[in-house]
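Descriptive structure summary
The residues making up each chain are set out below.
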2 protein chains.
Amino acid sequence: MKLVYLFSELDEVEKAVGGSWEEVRGLLGGKGANLAEMTRLGIPVPPGFTITTRACIAYLRRGERLPRGLWKQVQEALRAVESQTGKKFGEPGNPLLVSCRSGAKFSMPGMMDTVLNIGLNDETASGMIALTADPRFVYDSYRRLIQMFGSVVLGVPDEPFEEVLATYRQARRVASDAELAAADWEAITQEFKELVRTHTGREFPQDPQEQLRLAIEAVFKSWNGKRAVDYRNATGIPHDLGTAVNIQAMVFGNMGSDSGTGVATTRNISTGEKVIEGDYLINAQGEDVVAGIRLTKPIAQLAEELPQIYQEFLEICRKLEQHYREVQDIEFTIERGKLWILQTRDSKRSPRAAVRIAVELAEEGLITREEAVLRVTPDQVDFFLHPQFEPRAKQAALEDGRLIATGLNVSPGAAVGVVAFDADLAEKWSKEGKGEGDNKEKRVIMVRPETKPDDVHGMLAAQGILTSRGGRASHAALVARQFGKPAVVGCAALEIDLENRLMRVNGRVIKEGEYISIDGTEGQVFLGEIATMIPDIKDPYLMKLLSWADEFRRLGVRANADYPRDAKRARDYGAEGIGLCRTEHMFFEEERLPLVQKMILAKDAEERQRYLDQLLPFQRADFEGLFRVMDGLPVIIRLIDPPLHEFLPSYEALVRDVTKLRLAQRVPELLRVENPSKEDQALLEEVEKAGNGDLAAGIRKLLPEKERLLEAVEKMREANPMLGLRGVRLGIHMPEVTSMQVRAIFEAACKVAKEGVEVHPEVMIPITSHVNELKEQRAVLEEVAKRVMEEAGLELDYKFGTMIEIPRAAITADELARYAEFFSFGTNDLTQTVFGISRDDAEAGFLLEYQHKGILPNNPFATLDTTGVGKLMEMGVKLGRKVRPDLEVGICGEHGGDPASIEFCHRIGLDYVSCSPFRVPIARLAAAQAALRGKGLKRKED
Amino acid sequence: MKLVYLFSELDEVEKAVGGSWEEVRGLLGGKGANLAEMTRLGIPVPPGFTITTRACIAYLRRGERLPRGLWKQVQEALRAVESQTGKKFGEPGNPLLVSCRSGAKFSMPGMMDTVLNIGLNDETASGMIALTADPRFVYDSYRRLIQMFGSVVLGVPDEPFEEVLATYRQARRVASDAELAAADWEAITQEFKELVRTHTGREFPQDPQEQLRLAIEAVFKSWNGKRAVDYRNATGIPHDLGTAVNIQAMVFGNMGSDSGTGVATTRNISTGEKVIEGDYLINAQGEDVVAGIRLTKPIAQLAEELPQIYQEFLEICRKLEQHYREVQDIEFTIERGKLWILQTRDSKRSPRAAVRIAVELAEEGLITREEAVLRVTPDQVDFFLHPQFEPRAKQAALEDGRLIATGLNVSPGAAVGVVAFDADLAEKWSKEGKGEGDNKEKRVIMVRPETKPDDVHGMLAAQGILTSRGGRASHAALVARQFGKPAVVGCAALEIDLENRLMRVNGRVIKEGEYISIDGTEGQVFLGEIATMIPDIKDPYLMKLLSWADEFRRLGVRANADYPRDAKRARDYGAEGIGLCRTEHMFFEEERLPLVQKMILAKDAEERQRYLDQLLPFQRADFEGLFRVMDGLPVIIRLIDPPLHEFLPSYEALVRDVTKLRLAQRVPELLRVENPSKEDQALLEEVEKAGNGDLAAGIRKLLPEKERLLEAVEKMREANPMLGLRGVRLGIHMPEVTSMQVRAIFEAACKVAKEGVEVHPEVMIPITSHVNELKEQRAVLEEVAKRVMEEAGLELDYKFGTMIEIPRAAITADELARYAEFFSFGTNDLTQTVFGISRDDAEAGFLLEYQHKGILPNNPFATLDTTGVGKLMEMGVKLGRKVRPDLEVGICGEHGGDPASIEFCHRIGLDYVSCSPFRVPIARLAAAQAALRGKGLKRKED
């Protein structure tokens, strides 16, 4: 049986295995197959051969004995390599040196064993010195062989070798190995040999054949080493594949001025421009280019220095790109005027380059448009939507140790500003600037333990948001994503001391007004300023790519937007409607909140109605704006969702105030605290105002008011507000709120319809868990809608539907579909209830621990849990469509903007996904990729 | 077609419809069929006939015209009745009077129209007076005919008739109609006739035939009346059945000393004893017996007064009981020495009687044991398990208006005591008695807004518990049920003013120390004391019935018990193991809580381990006790479940204390409040103690301590603790807690096993939502269990399993079953998460509103929601058994003691239900009934 193939024998291999590339890789390993492929393309690859995985399997089965005939085949192949190179293995006059590398079918970076420079011994080393006149190079190569061989083959630990090197560096008072002289290397080589002897009780083998045989066997054995077995267990690679071994002639770029080495990409991987980019060095080894000790030259200069080589290289680049249909990252070495290609692989690239390259490759006809769409990752698209740190500035900050903390990366982009510890100050500094004179700083990062609805004005004004608590779906995270503000939340390392207006981070103190920079894409917090740049969403290549994506996707893409300005952005980014408008966000606006509070605290239905009547025009105006922007597209409006106490002052603050006021009744002056906290100060001002400066009078007036408010808030308090009186439960508890909202929607729709706008309102009920809730609310809606349309004298098409965000809704979806014309999966809440996990509490807490300990593969609030939550969704879709085949089904949870989740949504047959406006372009791409993969197309690396 | 049947023609009816009793009832209606049946049995029923439902259907179909031939058949039947009675319809000399009553296939109590005394007119009335010499009786009968006929047939409203009666009562200065004289009734009769004329424009018909025809038509028409249609819509009775009409000769018990009337049951319905019980009156009408104006005589006395009639009646009783195979409630009238049976029906009875009667009927061979088991309701069994109010004492309290509020009936039984507003006082008074001298009252009702774990000592000491907040699964409710304490919770009408030690209920004020009585079975709160009685669970009839139930059921019955004393009771009540032992309850005990708190606040793992080591012996001792009591039976022990902050002082209390102490730093004397609340007082004492009487020093010492504690509690606070760091999440977060608990379980098991006790420990993981949680905890358990058993030198069989109380657990039950040997459905939490409803917040809040508004058919925390929660359970059972066919599956939520839910558990194939010890007998019965019904057997009334 043939167990050894020359790189040049690929045709023969294909014949042997039946032609499939999969089988070729199985037999030769990935590395061996690629070397053979380049060889067949006529690329000048240093000659060599591959010992097949079958040989490895046989070796291990025979109890670690070389399979019969193998050694003979190796010798024959070696002879072929000798004749291809004109050198001879073990011949001091012109010695052939080879490398020995493992290479399995699937890349296993943790277990790759490599031995270089096999064939060097005392004799051949002398011969090499005579040949190259470079004893430094030869002894360095020799000692490398001994070190690698010792470690890989003989099991000598690496530390003693490194200690020897350290001793020499110290003795010569130099910092790096490169500064050691030839004599040093010769001495080191002796010491290394001595080390081998001490550790193994035998001499370093001088016989090149023995070196080779032992190296091959070591690679074979490494397949069953602990490292490799663990890696395969972790990644699911089968244990019976075995590894191939590649033996390849060594080439050296440091053999004079007609030698050199370099790396290049076939296009500019920063911009995507179609120009070869790279660096090289004459008379140097590959390591020298990487180490950066010598100043490299740009590849274009090679055209002058070695014009013929350069032309040859250009041609190779073209050929490789054509063959691999992708930009290549190529390593080459020139040995005495001969160009050798050591490696080629698909090149890494910047997001911007990725988009341009994919589009241009498709336009050049190298790949299809479908492939182009599959080649760009959603994350790469995300890059275009947010400010970024200048890559070099960020690198410098990292190197300077200015990265001080890491939290949850909940809203991408980079932001820089001065720290403000509350919303009012954040807004003030953002408007007026911080400091005196001309150099006022208006860029602010708002930093809070966590944020609440009444912090929103500060968050909007700030450049970015940083919190020490909260999870991926905390208020801060949701608002930040909604408005595209970079944000890092749940950054537990921050100790925020609001009283003293500073925060402590691992011993460092940052005061209010000092600069920080945050990277919401990575969840990083930096000290000081880092320069930023803003990429362009209107990039023509991106526009083209997304338009191709739109052709391929089946899923619609809508946006979650509450205000006309968000809707506008969403439409610009390609949204095909609004999948979720959260009406309660409108309630938090400054001039409305007091009305909302009065409405909630109303003592009877009549008083409540009075305040609802005052709220109606605000809501109507909001809806008018949305309808106008979304002319011709559907707009899903969700009725009020959160529990009412979210609109009232916090219980804790009231408890504090009332306790203070009660105690201060006898000594009002106590309210003047020495170092007042913000809360102390606010209360004092309130009391002074109430008493016209007379504290005692102020307390007498304010205390009963606060006590009443406290009582009201206490009554509304809930042990688990997430599972409390909210959503449709509120609508049933206070039907007049539903009526007001429905009236506002239909009055707005009628008004803009008369202006000629095409309106498609869809009214959505949240937190539904029982069909009767829908039945009841639908009756309320139909009555109001009918009345309003009669008043306006026109008929509008509209839909009535429900969120599916409670397990029971999904389980009884067939019942719900009798009353709902559309479903929208609220996967944030659904994930909470299906897992029984409160996202606010858990996401920066035990969920992190769970991921760390491997209990959960990832954060189910970021990526849909398809096994649990997904199964319920699938059930909901099926049950719902059984009853109402034309049921419209979408998703409006955070997952609607997550590519993996979008793929699942495509698979279970949703009609659309809805996400934050800033995620719309990503969703368009991800939806297209899901559709293409559904047809069996794959991303190249899949 | 034959449309009219005499009562005596049942055989003919059966022939016509094919013999099925169902069809007979369909044709004659329920009432007609029963009258015919009694007639066939030879029971003396006043003669009469039934116009079939078919006649009604035809009448309505023909546009309200009598079907052809009907009137002729009626006349023939009437003639037969005349010959049977020897009276003649419309004949003044000896007039036959008849009643006309509707009677549909299914009882429709809302629509039954009745006209009595048909056949009376001016002439026959005179004849009757001549015959009876009782003009008062005759005119009263006559005016009744006019009134009923006017209302039912002619549509005259009832009010004007009643006004006339009121005018006469006023004029005669009497309180009741009974006191009006014959002349009054004659005058009233005239006025009634006048009323008919005014309202209808026609005379009251004097022709008896016309009276009869109109009455029959009115009954036919009433089938389509609004009342009847609504009723059928609500109960699902088909609209095309029609109603039958029963025409029956009137008999009168007020025709002299050889006439009389009475009611009796064939056995004592209070005790169940086999003795006829009842009352009668000589020369009286049925109404007189019911009205209670005249003193009735016990039925036994009839043996002396009318011995022959009595003997005849006894024989009839025997016959009816034999025939109906059930105790009968019989109405009879004696008209001039002739006994007539007017009605018989299955008798209502007390719970105690229900049990004895069922057992004795079975032993007499009248019914089977299966039927006996089906005849007793679970609620009737519950009666034996709790103290009850003396029925008469309770009735009196109701009549006196002492029922002051109603709440949720969360734990059955009656309790009386003085109000105590906190646990310490409740305990103190329960031990030492309230008040001075000899008449100290030791019975206490503990009243709180809601209860917390550290109230348990007071709850245990009290007779009963009353709260103004909380739901069916609130802490108060759970603990009360657990310990069989009567409790009413969520009684929103109570305004508890802890500061002033009183509560207000609808304007009434009840001070601490005053008496109240509560009925946990009904959810009622009474002012003052009501006498109670304690039924006996050891009732021999009950014991026998339950032993029969045990033979029939397939479901096992276990108990939820945390302490040996509960386990003992459970076993006494027939539990076959412990389905749930909540280990954390043990943590709340007085001497352990401080250790638990220190463990939680430990600064590192080492310190934590120190406190865990101290807790271990306590837990071990608890488990030893449980294992001993449950010798030979399985004991499921659930590892720690609640979030840790439940073991710490409340956040709000700490906020208050810290705020006060901070403010009082400058003026310590402020801590001495004028009317200190309990909290004020407690803080003051704490400060005095800390400062040895020096307040300033006390504050200096206490404030930093409290601040530290507040910080710790604040860190652990959760927005939604129900969905937070609890259950298995804690076990994973602090594996050392799991280790300690598992060690305690296995050390205890090994110790008692060595004593010869047969132990079957089953260790259960709560709040599981992902298979990896089980995998991880199982590894911890196995390691510890193995080590402990090695130390003890023995091997024990044990099981490892999980609660299924999170939707995801049910959805992925196949994955969980790979690591779990048993499942236990925690339907309390499962209902919360499937509905997205926090029981504590909602149960006394919007869930009540939901039931009131018909959104939910009932409280899903009391009776399993089979459509939603049940569907997930079914899914969990199926998925789990698919992977592990011998998986043991039970339920340990509150629903495990609810009969309807037990039936569902039987149907989906659970192995057992587990409930509070006090529900075990009920569960045994309900499980048997579920099994019997599963075989097609029905309760009589099903």
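Digging into the overall build of chain A
The helix and strand inventory of chain A stands at 39 helices and 33 strands. Within chain A, the fraction of its 942 residues that count as buried is 57%. Total accessible area on chain A is roughly 37700 Å²; 48% of this is exposed by carbon and sulfur atoms. Mean positive and mean negative side-chain charge positions of chain A (123 and 144 charges, respectively) differ by 3 Å.

Side note on the pairing of strand β24 (residues 524-527) of chain B
Residues and elements named next belong to chain B. Of the strand pairs in this sheet, strand β14 (residues 403-406) and β24 are connected by three bridges, and their pairing is antiparallel. By the bridge assignment for β24, Ala405 is matched with Val525. As paired strands, strand β23 (residues 515-519) and β24 are joined by four bridges and run antiparallel to one another. Looking at the pairing, Ile516 lines up with Leu527 of β24. Taken together, β23 and the strand that follows it, β24, pair antiparallel across an intervening segment of four residues, in which Gly523 is found at a positive phi of about 80°.

Things to note about the packing of helix α2 (residues 21-40) of chain B against helix α13 (residues 307-324) of chain B
All names here are of chain B. At a closest axis distance of 11 Å, the pairing of α2 and α13 adopts a crossing angle of 120°. Considered as vectors, α2 and α13 are oriented oblique to each other. Between α2 and α13 lies a crossing whose hand is right-handed. Two secondary-structure elements touch here, α2 through Asn34, Glu37 and Met38 and α13 through Leu320, His323 and Tyr324. For the contact of α2 with α13, the residue count by class is three nonpolar, two polar and one charged.

Digging into the relation of the copies chain A and chain B
Overlaying chain A on chain B yields an RMSD of 0.2 Å, the required transformation being a rotation through 180° with an accompanying axial translation of 0.1 Å. Such a turn and shift between the copies fits a two-fold axis. Scanning chain A for the C-alpha nearest the rotation axis identifies Asn720(A), at a separation of 2.1 Å. Mapped onto chain B, 100% of the interface residues of chain A again fall at the interface, so both copies present the same surface.

Overview of the interface of chain A and chain B
Each partner contributes residues to the interface: chain A has 60 residues there, and chain B has 60 residues. Around 5600 Å² of area is buried between chain A and chain B when both sides are counted, 59% of it from carbon and sulfur atoms. It is Leu663(A), Leu670(A) and Leu723(A) that lose the most area in chain A upon contact with chain B, and together they represent 12% of the buried surface on that side. In this assembly, chain A and chain B are joined by four salt bridges. The shortest N-O distance in the salt bridge between Arg717(B) and Glu652(A) comes to 2.5 Å. For the pair chain A and chain B, the interface holds 34 residue pairs in polar contact (both at pLDDT 80 or more). Residue assignment for the side of chain A that touches chain B shows that the elements contributing at least two residues are α26 (651-664), α29 (728-733), α31 (771-792), α32 (807-811), α34 (827-835), α36 (846-852) and α37 (869-883) of chain A. For the side of chain A that touches chain B, the element with the highest residue contribution is α26(A), accounting for eight residues.

Quick look at unusual backbone geometry
The phi dihedral of Asn692(A) is positive, around 50°, even though this residue is not glycine. Mapped onto the secondary structure, Asn692(A) falls in the loop between α27 (678-690) and α28 (695-716).

Some remarks on the sheet that holds strand β1 (residues 4-6) of chain B
Pairing between the strands of a sheet comes from backbone hydrogen bonds, and it takes one of two forms, parallel or antiparallel. Residues and elements named next belong to chain B. Taking strand neighbours across the sheet as the criterion, the five strands line up as β1-β2-β7-β5-β6 in an open arrangement whose pairing is antiparallel. Sheet topology places β1 and β6 (114-118) at the edges, where each strand pairs with a single neighbour. Looking at each pair of strands side by side, their axes are set apart by 20° on average, direction ignored. Of the strand pairs in this sheet, strand β5 (residues 98-104) and β6 are connected by three bridges, and their pairing is antiparallel. Residue pairing across strands places Val98 opposite Ile118, the latter belonging to β6.

Quick notes on the packing of helix α38 (residues 899-907) of chain A against helix α39 (residues 920-934) of chain A
Residue and element names in this part refer to chain A. Running from N to C, α38 and α39 cross one another at 50°; their axes reach a closest spacing of 9 Å. When the axes of α38 and α39 are compared, the pair comes out oblique. Judged by the twist between their axes, the crossing of α38 over α39 is right-handed. On the side of α38, the interface is formed by Pro899, Ile902, Glu903 and His906, while α39 contributes Ile922, Ala923, Ala926, Ala927, Ala930, Ala931 and Arg933. When grouped by side-chain class, the residues that make up the contact of α38 with α39 number eight nonpolar, one polar and two charged.

Comments concerning the side chain of Glu335(B)
Residues and elements named next belong to chain B. By the element assignment, Glu335 lies in strand β11 (residues 328-335). A residue is classified by how much of its surface remains accessible, and Glu335, at 11% relative accessible area, is buried. There is a polar contact of 3.4 Å between the side chain of Glu335 and the side chain of Lys87. Excluding residues that lie within four positions of it along the chain, Glu335 makes contacts with Lys87, Met250, Val251, Phe252, Met255, Asp258, Ser259 and Trp340.

A few points about helix α13 (residues 307-324) of chain A
Residues and elements named next belong to chain A. With 18 residues, α13 extends 26 Å between its outermost C-alpha atoms, agreeing within 8% with the 26 Å of an ideal straight helix rising 1.5 Å per residue. Burial in α13 covers these residues: Ile309, Tyr310, Phe313, Ile316, Cys317, Leu320, Glu321 and Tyr324. Around the axis of α13, the buried residues are gathered within 130° of arc, so they sit on the same side. At its buried positions, α13 is contacted by α2 (21-40), β8 (260-265), α12 (302-305), β11 (328-335), β12 (338-346) and α14 (351-363). Trailing α13 by a residue or two, Arg325 shows a phi angle of about 55°, which is positive.

Quick notes on the sheet that holds strand β21 (residues 502-505) of chain A
Residues and elements named next belong to chain A. Spatial ordering of the open sheet is given by β20-β21-β22, a layout of three strands whose pairing is antiparallel. Bordering the open sheet on either side are β20 (494-497) and β22 (508-511), each of which pairs with just one other strand. Ignoring strand direction, the axes of neighbouring strands in this sheet form an average angle of 20°. Of the strand pairs in this sheet, β21 and β22 are connected by four bridges, and their pairing is antiparallel. Of the residues in β22, the one forming a bridge with Met503 is Ile510.

A look at the side chain of Arg143(A)
All names here are of chain A. Its place among the elements puts Arg143 in helix α6 (residues 135-152). Within the structure, the side chain of Arg143 is placed 2.9 Å from the side chain of Asp140, a separation counted as a polar contact. Once residues within four sequence positions are removed from consideration, Arg143 is found in contact with Leu165, Trp185, Ile188, Thr189 and Phe192.

Side note on a negative patch on the surface
A contiguous patch of negative charge on the surface is contributed by Asp158(A), Glu159(A), Glu162(A) and Glu163(A). Residue placement: Glu159(A) occurs in helix α7 (residues 159-171).

Things to note about the packing of aromatic side chains
Inspection of the entire model under this criterion finds 26 aromatic pairs over all chains. Aromatic side chains Phe389(B) and Phe526(B) sit 5.8 Å apart centroid to centroid with 90° between the ring planes, which places their arrangement in the edge-to-face category. Residue Phe389(B) is found in strand β13 (residues 388-389), and its partner Phe526(B) is found in strand β24; the two are separated by 137 residues along the sequence. Considered together, Phe389(B) and Phe526(B) belong to a single accessibility category, that of buried residues. The ring centre of Tyr912(A) lies 3.9 Å from the NZ or CZ of Arg558(A), which sits over that ring. Cation over ring: Arg717(B) sits above Tyr651(B), and NZ or CZ is 3.7 Å from the ring centre.

Points about the pattern of salt bridges
All told, the structure shown has 146 salt bridges over all chains when counted by the stated rule. Across the pair Glu903(A) and Arg933(A) runs a salt bridge whose closest N-O atoms are separated by 3.2 Å. Note that Glu903(A) is positioned in helix α38 and Arg933(A) in helix α39, a separation of 30 residues in sequence. The exposure class of Arg933(A) is partly exposed, given its relative accessible area of 22%. The salt bridge involving Asp422(B) is made with Arg501(B); its shortest N-O contact spans 2.5 Å. Placement of the pair is Asp422(B) in the loop between β16 (414-420) and α18 (423-432) and Arg501(B) in the loop between β20 (494-497) and β21 (502-505), with a sequence separation of 79 residues. Residue classification places Arg501(B) among the partly exposed positions, given a relative accessible area of 21%. Connected through shared salt-bridge partners, Arg267(A), Lys274(A), Glu321(A), Arg356(A), Glu360(A) and Glu364(A) make up one network.

Points about the environment of Pro453(B)
Residue and element names in this part refer to chain B. Mapped onto the secondary structure, Pro453 falls in the loop between β17 (444-448) and α19 (456-461). Sequence separation between Pro453 and Phe647 is 194 residues, and the spatial gap between their C-alpha atoms is 8.0 Å. Beyond its immediate stretch of four places on either side in the chain, Pro453 contacts His475, Phe588 and Glu646.

Things to note about the confidence of the model for chain A
Confidence in the prediction of chain A, expressed as mean pLDDT, is 92, and 98% of residues score 70 or more. Two numbers describe this predicted complex: its pTM, 0.81, and its ipTM, 0.80.

How each quantity is defined
Residues numbered from 1 in each chain as written. Chains lettered and ligands numbered in written order. Predicted model: local features only at pLDDT ≥ 70, side-chain atom pairs only at ≥ 80, totals over all residues. Heavy atoms only, no water. Helix = DSSP H or I, 4+ residues; strand = E, 2+ residues; numbered from the N terminus. Buried < 20%, exposed > 50% of the residue type's maximum accessible area, 1.4 Å probe, protein only. Areas by Shrake-Rupley, 256 points an atom, 1.4 Å probe, with all protein chains shown as cover. Lys, Arg positive; Asp, Glu negative; His and termini not counted. Charge placed at Lys NZ, Arg CZ, Asp CG, Glu CD. Pairing = 2+ DSSP bridges. Axes fitted to C-alpha atoms, helices over the stretch in contact; angles between N-to-C directions. Parallel < 35°, antiparallel > 145°, perpendicular 65-115°, else oblique. Left-handed = near helix turned anticlockwise from the far one by under 90°. Contact = heavy atoms within 4.5 Å. Nonpolar A, V, L, I, M, F, W, Y, C, P; charged D, E, K, R; others polar. Least-squares fit on C-alpha atoms with pLDDT ≥ 70 in both. Buried area = accessible area lost by both parts, 1.4 Å probe. Salt bridge = Lys/Arg side-chain N within 4 Å of Asp/Glu carboxyl O. Polar contact = N/O pair within 3.5 Å; in protein donor to acceptor, adjacent residues only side chain to side chain. Expected span 1.5 Å × (residues − 1). Arc of directions from axis to C-beta. Patch = residues over 30% accessible without salt bridge, like charges linked within 9 Å, V, L, I, M, F, W, Y side chains within 5 Å. Phe/Tyr/Trp six-rings, centres within 6.5 Å; stacked < 30°, edge-to-face > 60°. Lys NZ or Arg CZ within 6 Å of the ring centre and 35° of its normal. pLDDT = per-residue confidence, 0-100.

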